[in-house]
Amino acid sequence: MSESKIKPSAAASQNGRQSDEHADVIALPSINAGIEQEREYVAALYRRLDQLREENHQQLSKVRATGAVGTMQNISERDAFATMYEDRLAQLSAVDDRLVFGRLDLDNGDSRYIGRIGLTSEARQRLMLDWRAPEAGVFYQATAFDRQGVRRRRHLMLKRRAVQGLEDEVLDATVLDEGTENHGDGALLAALKARRTGQMGDIVATIQSEQDGIIRADRSGVLVVQGGPGTGKTAVALHRAAYLLYAHRERLKSAGVLIVGPNSTFMSYIERVLPSLGETGVVMSSLADLYPGVRSVEEPDPHVAAIKGRLDWVQIIADAVAHRRRTIAQPRDVTVEGVKVTVTPKMIKRGIERAKATGKPYNEARSTFVKVMVREIAEKLERILQQRSAGNDADRSYLDEEVRQARDVRVLLNLCWMPRTPQALLEDLFSKPNYLADVAPQLTKDERRLLQRSPGSAFTIADAPLLDEAAELLGDLDESAGRDEIRKKLSREKDLENARKAVENATPQLEEMGIEGFLDAEAVANMNADGGQRMTASERAGVDRTWTYGHIVVDEAQELSPMQWNVLMRRCPMKSFTAVGDIAQGSSPSAASSWEQAFAPFADDRLRVEELTVNYRTPRNIVELAERVAAANGLQTTQLRTVRDGEYEPIIEHYDDASALVTAATDAVSAEQQRLGEGLVAVIAPVNLVGGIRRSLRNTFGKRLGAGAGSMAQDVVALTADEAKGLEFDGVVLVEPAALLEESNGRVGSLYVAMTRSTQSLRVVASRDLPAGF
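All figures in this text were calculated on a predicted structure; none of them were measured in a lab.

**Student:** I'd like a description of the overall build of the protein chain, backed by residues and values.
**Tutor:** Along the backbone of the protein chain there are 30 helices and 21 strands. When each of the 774 residues of the protein chain is scored for burial, the buried share is 54%. In the protein chain, 74% of the contacts between residues at least 6 apart in sequence involve partners at least 24 apart.

Spelled out as structure tokens, the structure:
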């Protein structure tokens, strides 16, 4: 077997680790290596990581020290290197915790270490494989029935930088004759039994074969991952995002990947996972943040949310925008510098038609309307002035600007074609009943009444897709009538040309350093355009509503309304999606009854559905109870295979007095913590009870209580069923299941979700009759 040798870095010695002059040369451990040999090799990997960080930091400092001097091309080249070093440093910093997690021993005698990124020695020897590399796939795919050349799969358990333990999965029985002793109950079960911390668990080392095939599937079309509770849907979604960014770096680095989750609690829950997988360039958004610049609130009435979720709003918004253009019934006089000019209905109609013919959005087409009308009014004014001063051939080119600035003209043109923002359009729709009635005949009178609200009301999550649709049709407000856009376009073309030359000059030097795929002309041009401020594709995409992504990942996808899907389809014209969810867990008013129904208006011909069938999270006794309740209430669920029997039986506590529930829930948390010993316990309660329960828990547990939907860092939290979507806890206290059914209008999905959040124990606290199945 060949040896890979690593020398320690100067950075390592500065950090108090082994210095260069005292370090031993580290060889690849033998196939029967024990924990001490593995610790030596892992320490050497970290020394190499520190060395690379230090080298990149020094190079970045050197580049920055040159300053903005020389030609534009010289500056672009400097920025190109700075961009590359900053990207690399961000990646190297993100993988410090548990850098390596696995090792493969192969039939041909070779061994491969698997980690968060790939590492090579200074001599370009491969020290560790990136988990996303094709050669690393067998780490997840090999089984005793299909070994794929793997004799043994070793799991390395690290805590930060230190190897705490190791465990072997022997796939070739002859290895047992060689004296291996590092067997255990499996890295997967160890990960499942680990205490929950409020952030998504690190499961890159425990991806199973069923999941890995989905992670590495082709990115074209819409891939739906259907799976019941605990099947690892979210883990699959995030690892797929990281894998696609690795496998299609050139395509996705400039376009980016968008990950959409159901709420802010869920997004904070997973926020550290992607950096730990070696990726930092992803945009993450909850449904409330789909429209940049507007922080949406929950829609208080589910009936209103259902109405706003219909695709009818594509036509309603289009009609509402068209309704803002008006002609005049009679001629109108406008005064320009003391001269009256008559504007006729025919002139207005002609201006509107010419502007509409451009095919531009409403606000941008308005610039054409204004230019046409100003010119026609100026020509009319010029004829009047010529008649008043016959024979005077004075230059009157100034008249266009005089007309444009005249108050009467501005009032008239705004009356006929008022510039609008999406927010103003939507506010008019919902605060002016007659306006809504004119443009939305598809809605019943009762539905229009439900939609009415006062001016200035906060925009809701259900409003976000309507704002986006309005923004698409309205376009940007352009006070310069397009002149600024032309200047920007010319400047952009020049910046790109300089950037291309800079990248051409820089690429040979980067290749000599063994660095590829970190640099492109567009990134350099963007940095220059931002005045030297470094902006990644993900940062620009996060603030640009018109940005189109290379791939979109949607978690809890069963909850999205048709209008929300409409927004996301616009964000990804190539229709490259990974949607993960469980139809049975749908609880929103717009939840689809099947994936075919959800995607029929958008991509039914490009739809693939893969199913996850193994529940890794929830114990069998809790799963069986949840499935029994679901079936008794008419909900068809995916039949799951569970890998764990529950250590703790579910407990049901009934109280005669509803007023006792808040205190009972608090007592139940104490009982669960005593039963579990330690762990994260969640109270999942109806909306009308969760506030009182949080106050009671705060009085009892103080700072140990997480702030509801805003924090998962403590060991006690209280959430609504919607806020608990996608999360997991060691223990769950479920309060008043009958009320959970009622607040979701009888949809069993919310109750099913709440019952399946636990990895260890479930306690039910109720004052009313329990739903069927309990």
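Picking up after the structure, the text goes on.
**Student:** Lay out the sheet that holds strand β12 (residues 551-554) with the relevant residues and their values.
**Tutor:** Strands sit in the order β9-β8-β12-β13-β7-β14 across an open sheet of 6 strands; the sheet is parallel. If you trace the sheet from one side to the other, it starts and ends with β9 (282-286) and β14 (607-612), each paired once. Pairwise comparison of adjacent strand axes, ignoring direction, gives a mean angle of 15° for this sheet. Summarising the sheet, strand β8 (residues 257-261) and β12 pair through 4 bridges and their orientation is parallel. In the sheet register, V257 faces β12, and the bridge partner there is H551.

**Student:** Could you give an account of the pattern of salt bridges, naming the residues involved and the relevant values?
**Tutor:** Taken as a whole and judged by the stated rule, the model has 41 salt bridges. Here R453 makes a salt bridge to D463, at a shortest N to O gap of 2.9 Å. Of this pair, R453 sits in the loop between α19 (445-451) and α20 (464-474) while D463 sits in the loop between α19 and α20, placing them 10 residues apart in sequence. The two residues R453 and D463 agree in class, both being buried. E728 is the salt-bridge partner of R617, the closest N and O atoms lying 3.9 Å from each other. In this pair, R617 sits in the loop between β15 (614-615) and α26 (620-632) while E728 sits in the loop between β19 (716-719) and β20 (729-735), placing the two residues 111 residues apart along the sequence. Owing to a relative accessible area of 10%, R617 belongs among the buried residues under this scheme. By relative accessible area, which is 14% here, E728 ends up buried. Here the residues in one salt-bridge network are E38, R103, D105, R152, R154 and D168, joined through shared partners.

**Student:** Explain the sheet that holds strand β2 (residues 111-115) to me, using residue names and the numbers behind them.
**Tutor:** Taken in spatial order, the 6 strands make up an open sheet running β3-β4-β2-β1-β5-β6, and their pairing is mixed. Taken across any chain shown, the strands that pair with only one partner, and hence form the sheet edges, are β3 (119-120) and β6 (162-170). In this sheet, strand β4 (residues 126-130) lies alongside β3 in antiparallel orientation, the contact comprising 2 bridges. Residue pairing across strands places L119 opposite M128, the latter belonging to β4. Across the sheet, helix α2 (residues 35-65) touches β1 (100-106), β2, β3, β4, β5 (150-159) and β6, and the angle it forms with β6 is around 120°.

**Student:** Now, about the side chain of R216: what can you tell me, with residues and values included?
**Tutor:** With respect to the helices, strands and loops of the structure, R216 is situated in the loop between α6 (209-215) and β7 (222-227). Overall, R216 belongs to the buried group, its relative accessible area being 16%. Side-chain polar atoms of R216 contact the backbone oxygen of W131, separated by 2.8 Å.

**Student:** Please provide a residue-by-residue account of the pairing of β19, values included.
**Tutor:** On β19, burial covers both faces: V716 and A718 on one face and V717 and L719 on the other are all buried. For strand β18 (residues 681-684) and β19, the ladder comprises 4 bridges, and the chain directions are parallel. When the sheet's bridge partners are listed, V681 is paired in β19 with V716.

**Student:** How would you summarise the packing of aromatic side chains if you had to cite specific residues and measurements?
**Tutor:** This model, assessed by the stated rule, comprises 7 aromatic pairs. With a centroid separation of 4.7 Å and 55° between ring planes, the pair formed by W565 and F599 is classed as tilted. A residue pair is termed long-range when its members are at least 10 positions apart, and W565 in helix α24 (residues 562-571) and F599 in helix α25 (residues 595-603) qualify at 34 residues. Looking at W565, the relative accessible area reads 1%, which means it is buried. Exposure remark for F599: the relative accessible area of 0% places this residue in the buried category. Through pairs of rings, three or more aromatic residues link up here, namely W565, F577, W595 and F599. The cationic tip of R324 hangs over the ring face of Y435; the distance from NZ or CZ to the ring centre is 4.3 Å. Directly above the aromatic system of W417 lies the positively charged group of R325, at a separation of 5.2 Å from the ring centroid.

**Student:** Would you mind going over the pairing of strand β21 (residues 758-766) in detail, with residue names and values included?
**Tutor:** Counted residue by residue, β21 has 9 buried out of 9 residues, so it is predominantly covered. Judged from the 4 bridges that link them, strand β17 (residues 651-654) and β21 form a sheet pairing that is parallel. Residue I651 lies in a different strand from β21, and its bridge partner there is R763. Sheet topology note: the β20/β21 ladder contains 6 bridges and is parallel. Directly across from G731, in β21, lies its bridge partner S761.

Quick notes on the rules
- Residues numbered from 1 in each chain as written.
- Predicted model: local features only at pLDDT ≥ 70, side-chain atom pairs only at ≥ 80, totals over all residues.
- Heavy atoms only, no water.
- Helix = DSSP H or I, 4+ residues; strand = E, 2+ residues; numbered from the N terminus.
- Buried < 20%, exposed > 50% of the residue type's maximum accessible area, 1.4 Å probe, protein only.
- Contact = heavy atoms within 4.5 Å.
- Pairing = 2+ DSSP bridges.
- Axes fitted to C-alpha atoms, helices over the stretch in contact; angles between N-to-C directions.
- Salt bridge = Lys/Arg side-chain N within 4 Å of Asp/Glu carboxyl O.
- Polar contact = N/O pair within 3.5 Å; in protein donor to acceptor, adjacent residues only side chain to side chain.
- Phe/Tyr/Trp six-rings, centres within 6.5 Å; stacked < 30°, edge-to-face > 60°.
- Lys NZ or Arg CZ within 6 Å of the ring centre and 35° of its normal.

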